[in-house]
Amino acid sequence: MVKDNKLFSYRINNDALEIKMVGEIDHHSAVSVRADIDAMIFEQRPKRLILDLSEISFMDSSGLGLIMGRYSLVRELGGTLLLRSPTAAVTKILSLAGMERIIKIEKAFEEDDANEEN
Amino acid sequence: MKRTEMCGRVINSIKLTLPSYSVNEGIARGAVSAFCAQLDPTAAELGDIKCALSEAVTNCIVHAYRDTIGDIYISVDLLEGSVVRIKVKDRGCGIEDVKCARMPLYTTDRAGERSGMGFTVMESFTDSMRVSSSKGKGTTVTLYKKIEGR
Ligand SMILES: Nc1ncnc2c1ncn2[C@@H]1O[C@H](COP(=O)(O)OP(=O)(O)OP(=O)(O)O)[C@@H](O)[C@H]1O
Ligand SMILES: [Mg+2]
């Protein structure tokens, strides 16, 4: 089993592999995190990969590449990808790239509640 | 952004020269954020600046100095009227066709899992972006952002 990387923690929930990313995703961190995530994907062969982005304070286009790369990989292995609770800054770059048209994004609960009041 | 706003008097400035190690992406963001804090920017404004800067610096590391380590020259000027001007310069390989490179999704590095969105991010997260490049000599990206503040 792969050890927890300091950039993320994970848990396995039935057929889902949930990875909670922490801190900043740039080219520097993406390179080191990618190999560990892929090792877990190959080991678990999850039906669903969930990337929890609620603790990501910064992400640039290297993060888009990281997400798209994992999306291609899990799809190749017959699974799906869900992005969970992106912060405001991350949501901005995801929308710029039109990511929501390709990958399912589950917003944070607070945001859902706020929207319902409008 | 008005043209006159882009050539206001320089009120304060910093210069940084960093070797193209990827760990310096975060260090450059930290230094530029600290400089911009004097304008009391909103979290969103600061986030935009950090992201645009990170794109420019990463491009120097992964493209300009692809197979080598070279210096990245960053200068940040605070201009009259709360405008921040950021220049990121390298002496790397240069860009053959800048117009093409600036298009969304264009990348020369598919194997490296690049999305080709760097220039698009820089352009959308700032008020103005200029790119000048010369094949074999290097590239300079200049970004302007007006800070409304809190
Ligand atoms: N400083 C530079 N020196 C040389 N070539 C560059 C430089 N910056 C950009 N390029 C070229 O322009 C292309 C587009 O750059 P852009 O940042 O938009 O996308 P990318 O870096 O390929 O992918 P991403 O930024 O999404 O990870 C690059 O693929 C590269 O060929
Ligand atoms: Mg780039």
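The rules behind the values
Residues numbered from 1 in each chain as written. Chains lettered and ligands numbered in written order. Predicted model: local features only at pLDDT ≥ 70, side-chain atom pairs only at ≥ 80, totals over all residues. Heavy atoms only, no water. Helix = DSSP H or I, 4+ residues; strand = E, 2+ residues; numbered from the N terminus. Expected span 1.5 Å × (residues − 1). Buried < 20%, exposed > 50% of the residue type's maximum accessible area, 1.4 Å probe, protein only. Polar contact = N/O pair within 3.5 Å; in protein donor to acceptor, adjacent residues only side chain to side chain. Core = buried A, V, L, I, M, F, W, Y, C linked by side-chain atoms within 4.5 Å. Contact = heavy atoms within 4.5 Å. Buried area = accessible area lost by both parts, 1.4 Å probe. Salt bridge = Lys/Arg side-chain N within 4 Å of Asp/Glu carboxyl O. Nonpolar A, V, L, I, M, F, W, Y, C, P; charged D, E, K, R; others polar. Pairing = 2+ DSSP bridges. Axes fitted to C-alpha atoms, helices over the stretch in contact; angles between N-to-C directions.

Asks: Please clarify how helix 2 (residues 61-76) of chain A should be interpreted in this entry.
Replies: Turn by turn, an α-helix covers 3.6 residues, leaving residues three or four places apart pointing in a common direction. Residue and element names in this part refer to chain A. In a regular helix each residue adds 1.5 Å, so 16 residues correspond to 22 Å; helix 2 covers 23 Å between its end C-alpha atoms and thus fits that length. Within helix 2, twelve of the 16 residues are buried, which leaves it mostly tucked inside the rest of the structure. Turning to helix 2, its buried residues are Ser61, Ser62, Gly63, Leu64, Gly65, Leu66, Ile67, Gly69, Arg70, Tyr71, Leu73 and Val74. With a side-chain oxygen lying 3.0 Å from the backbone nitrogen of Ser62, the N-terminal cap of helix 2 falls on Asp60. Two residues or fewer past helix 2, Gly78 is found with a positive phi of approximately 85°.

Asks: Hey, could you run me through the nonpolar core in this one?
Replies: Across soluble globular proteins, you tend to see nonpolar side chains buried next to one another. Ile19, Met21, Met59, Ile67, Leu81 and Leu94 of chain A are the most contacted members of the largest nonpolar core, which totals 34 residues. Contributions of two or more residues to this core are made by strand 2 (16-25), helix 1 (27-44), strand 3 (48-59), helix 2, strand 4 (80-84) and helix 3 (88-96) of chain A together with helix 4 (118-125) of chain B. By size, the runner-up hydrophobic cluster in this structure holds 32 residues, among which are Ile74, Val76, Phe119 and Met129 of chain B.

Asks: I keep staring at the interface of chain A and chain B and nothing clicks. Help me out?
Replies: By a widely used convention, the size of an interface equals the accessible area lost when the partners come together. Taken together, the contact pairs 19 residues of chain A with 23 residues of chain B. Around 1600 Å² of area is buried between chain A and chain B when both sides are counted, 53% of it from carbon and sulfur atoms. In terms of surface lost to chain B, no three residues of chain A exceed His27, Phe58 and Leu96 of chain A, which account for 33% of the buried area on that side. Taken together, the links from chain A to chain B amount to five salt bridges. Across the contact surface, chain A and chain B share twelve residue pairs in polar contact (both at pLDDT 80 or more). Elements that contribute at least two residues to the side of chain A that touches chain B include exactly helix 1, strand 3, helix 2 and helix 3 of chain A. If you tally residues by element for the side of chain A that touches chain B, the top one is helix 2 of chain A, at seven residues. Grouping the amino acids of the side of chain A that touches chain B by side-chain chemistry returns seven nonpolar, six polar and six charged.

Asks: Whenever I open this one, the sheet that holds strand 3 (residues 83-90) of chain B confuses me. Can you help?
Replies: As a general point, the strands of a sheet are linked pairwise by backbone hydrogen bonds and lie either parallel or antiparallel. Residues and elements named next belong to chain B. Across the sheet, which stays open at both edges, the five strands sit in the order 1-2-3-5-4 with antiparallel pairing between neighbours. Because the sheet does not close on itself, it has two edges, and the strands there are strand 1 (10-19) and strand 4 (128-134). Neighbouring strand axes in the sheet, compared pairwise and without regard to direction, differ in orientation by 10° on average. Looking at chain direction, strand 2 (residues 71-79) and strand 3 are connected through eight bridges and run antiparallel. By the bridge assignment, Ile74 is partnered in strand 3 with Val88. Here helix 1 (residues 24-36) sits on the sheet in contact with strand 1, strand 2 and strand 3, set at roughly 170° to strand 1. Sheet strands touched by helix 2 (residues 43-64): strand 2, strand 3 and strand 5 (138-146). Its angle to strand 3, the strand with the most contacts, is close to 10°.

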